[in-house]
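# Secondary and tertiary structure notes
Residues per chain are reported as follows:
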Amino acid sequence: MKIIHTADIHLDSKMESNLPTKASSKRKSEILLSFLEMIDYAVNNKVTAVIIAGDLFDTSRISNNTAEAVLGKIKEASGVEFLYLAGNHDNGKNLLSHDVPKNLKFFSNEWTSFSYGNVVISGAELTNDNYMSIYRSLLLDSDKFNIVTMHGGISTSFGEDLINVKELANKGIDYLALGHYHSYSEGEIDKRGKWCYSGCLEGRGFDECGDKGFVVLNIDENGFDKEFIKTSHRDILTVTVDISGLDNAAEILKKVEQSVENINETAMVKVVLAGNIPFNARKDLELIKEVLDRKFFFSKVADKTRIAINSDDFKNDISLKGEFIRLCLESDMAEKERDRVIECGIAALSSMEVL
């Protein structure tokens, strides 16, 4: 038997805080497409059920176009059951105003179970009223293969958005299908069971880098194994470029271009400049951004460099610049703040534009 575990799709996410309007609109469509393609995978691979462990939608408000696309595709996949657990962003109940297909089932804030032969899938939504008591009411048949689904952060404490893994130990759980975190991760509940976050199908910003996809459980009489299926249409990458010792815009740009030359042009790329550079180094961040924008779907540039200053080099310097640097080095400013003050001061003293 095959079971899909997915979560945190965040359909209808605007993403305009991370991307310009045109790019965010395209990514919005790509996220929906990844979900629809996952359903095609389920049909083509004879999957019994798809567990949606929360946050199918980005908010409780759903556009009619997205709702119709999702529900229509689920209805077409009539041989697959879809088990929907609401997360902290969405609310599955607002789908009830549409024509909900029979193969779409809902969990609630009490334990709800669906049986498929020897496999039982149970789930409950955490609320402010049940986040402490819900564990006590979970009763499972240890002779069955038990999948439990919840949405929240794995923890050893109680909370409306926390899953207390200690309270789930020795309950007879074989696989805990979780949603909330957007990257794949796994761990142990006890000697019998494991917990797993499937991550999201598509990253939406540079805080969601890495492979994205869903988990397929292959269950038989001997237990189960799982496979991660990558779905993302675009890679989202953060590339750190060490420019230590470089002191002019041309050298820095060349180092950046070499660092990203093997990345696919469809990717979203954030370049972080790092390392210790001379106090008079000239960085052209706008030029780097322009070059990256021409190469990739979307790009960002961040400057995390530090100014390399040897105080001995300015000990006997009687220039205004020397006096300024000595004052900065003798101040009680934090290192990061001091570096920025020196950078701006040197730019001003050199009649350069202060950014």
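First, a word on scope: everything that follows refers to the structure included in this document. (Residues numbered from 1 in each chain as written. Predicted model: local features only at pLDDT ≥ 70, side-chain atom pairs only at ≥ 80, totals over all residues. Heavy atoms only, no water.)

Their axes nearest at 10 Å, the elements helix H1 (residues 21–44) and helix H2 (residues 64–76) cross at an angle of 10°. Considering the angle they form, H1 stands roughly parallel to H2. Between H1, through Leu-32, Phe-35, Leu-36, Ile-39 and Asp-40, and H2, the contact on the second element is made entirely by Thr-66, Ala-69, Val-70, Lys-73 and Ile-74. (Axes fitted to C-alpha atoms, helices over the stretch in contact; angles between N-to-C directions. Helix = DSSP H or I, 4+ residues; strand = E, 2+ residues; numbered from the N terminus. Parallel < 35°, antiparallel > 145°, perpendicular 65-115°, else oblique. Contact = heavy atoms within 4.5 Å.)

So, on to the sheet that holds strand E16 (residues 268–274). Hydrogen bonding along the main chain pairs the strands of a sheet, whether they run parallel or antiparallel. In spatial order, the strands read E15-E16-E18; together these 3 strands make up an open sheet with parallel pairing. Where the open sheet ends on each side, the last strands, each with one partner, are strand E15 (236–242) and strand E18 (298–303). Geometrically, the sheet is characterised by an average inter-axis angle of 20° between neighbouring strands, direction not taken into account. Here helix H4 (residues 249–260) sits on the sheet and contacts E15 and E16; the angle it forms with E15, its principal contact strand, is near 140°. (Pairing = 2+ DSSP bridges.)

Now for the packing of aromatic side chains. Taken as a whole and judged by the stated rule, the model has 10 aromatic pairs. Between Tyr-84 and Phe-106, the ring centres sit 5.8 Å apart and the planes meet at 40°, which makes this aromatic pair tilted. Of this pair, Tyr-84 sits in strand E3 (residues 81–85) while Phe-106 sits in strand E4 (residues 104–106), placing them 22 residues apart in sequence. Since its relative accessible area comes to 22%, Phe-106 is described here as partly exposed. A ring pair is formed by Tyr-135 and Phe-158, whose centres lie 5.9 Å apart and whose planes are at 65°; its orientation type is edge-to-face. Residue Tyr-135 is located in the loop between strand E6 (119–123) and strand E7 (145–151), and its partner Phe-158 is located in the loop between strand E8 (153–155) and strand E9 (162–164); the two are separated by 23 residues in the primary sequence. Overall, the relative accessible area of 1% leaves Tyr-135 in the buried class. The exposure class assigned to Phe-158 is partly exposed, which follows from its relative accessible area of 33%. Pairwise contacts between aromatic rings join Phe-145, Tyr-175 and Phe-224 into one cluster. The cationic tip of Arg-234 hangs over the ring face of Phe-297; the distance from NZ or CZ to the ring centre is 3.7 Å. In this structure, Lys-289 is placed above the aromatic ring of Phe-298, and the distance from its NZ or CZ to the ring centre is 5.6 Å. (Phe/Tyr/Trp six-rings, centres within 6.5 Å; stacked < 30°, edge-to-face > 60°. Buried < 20%, exposed > 50% of the residue type's maximum accessible area, 1.4 Å probe, protein only. Lys NZ or Arg CZ within 6 Å of the ring centre and 35° of its normal.)

Turning our attention to the sheet that holds strand E12 (residues 194–197). Taking strand neighbours across the sheet as the criterion, the 6 strands line up as E5-E6-E7-E10-E12-E11 in an open arrangement whose pairing is mixed. Unpaired on one side and paired on the other, strand E5 (112–116) and strand E11 (185–188) mark the two borders of the sheet. Averaged over all pairs of adjacent strands, the angle between their axes in this sheet comes to 20°, without regard to strand direction. The pairing of strand E10 (residues 175–179) with E12 spans 4 bridges and is classified as parallel. Each bridged residue has a counterpart across the sheet, and for Leu-178 the counterpart in E12 is Tyr-197.

Every regular strand shows the same layout, with side chains that alternate between the two sheet faces. Pairing geometry for E11 and E12, over 4 bridges, is antiparallel. Each bridged residue has a counterpart across the sheet, and for Gly-187 the counterpart in E12 is Trp-195.

Turning our eyes to something else, we now look at the pattern of salt bridges. By the definition in use, this model includes 17 salt bridges. Close ionic contact of Arg-326 with Glu-323 constitutes a salt bridge, the shortest N to O distance being 2.9 Å. Remark: Glu-323 and Arg-326 occur in helix H6 (residues 320–330); sequence separation between them is 3 residues, near one turn of the helix. Ionic contacts of the salt-bridge type, sharing partners, join the residues Arg-27, Glu-30, Glu-202 and Arg-234 into one network. (Salt bridge = Lys/Arg side-chain N within 4 Å of Asp/Glu carboxyl O.)

For the rest of this paragraph, the subject is the environment of Met-150. In this fold, Met-150 is placed in strand E7. Using a relative accessible area of 0% as the deciding quantity, one classes Met-150 as buried. Sequence spacing of Met-150 and Lys-2 is 148 residues, and the spatial spacing of their C-alpha atoms is 19 Å. Those residues in contact with Met-150 that sit more than four places away from it in its chain are Ala-53, Leu-85, Trp-111, Ala-124, Leu-126, Tyr-135, Ile-163, Leu-168, Leu-176, Ala-177, Leu-178 and Gly-179.

Nonpolar side chains in soluble globular proteins generally cluster together in the buried interior. Ranked by size, the top nonpolar core spans 31 residues in total, and within it Leu-11, Phe-35 and Val-50 carry the most contacts. Elements with a minimum of two residues in this core: H1, strand E2 (49–53), H2, E3 and strand E13 (213–220). Looking at this core, the element that brings in the most residues is H1, giving 7 residues. Residue contacts for Val-50: discarding those within four places in its chain leaves Ile-4, Thr-6, Met-38, Ala-42, Val-80, Glu-81, Phe-82 and Leu-83. (Core = buried A, V, L, I, M, F, W, Y, C linked by side-chain atoms within 4.5 Å.)

Before going further, it helps to examine the state of the cysteines. In protein chemistry, a disulfide is the covalent bond that joins the sulfur atoms of two cysteines. The final tally for this structure, using the stated rule, is 0 disulfides. No disulfide involves Cys-200; its sulfur sits 11 Å from that of Cys-209, the nearest cysteine. A relative accessible area of 1% places Cys-200 in the buried class. (Disulfide = S-S within 2.5 Å.)

Attention now moves to unusual backbone geometry. Negative phi values dominate among residues other than glycine, just as trans dominates among peptide bonds. A positive phi angle, near 70°, is found at Asp-12, a position not held by glycine. Relative to the helices and strands, Asp-12 resides in the loop between strand E1 (2–6) and H1. Despite not being glycine, Asn-170 shows a phi value in the positive range, around 60°. Note that Asn-170 resides in the loop between helix H3 (165–168) and E10. Accessibility expressed as a relative area gives 70% for Asn-170, which makes it exposed.

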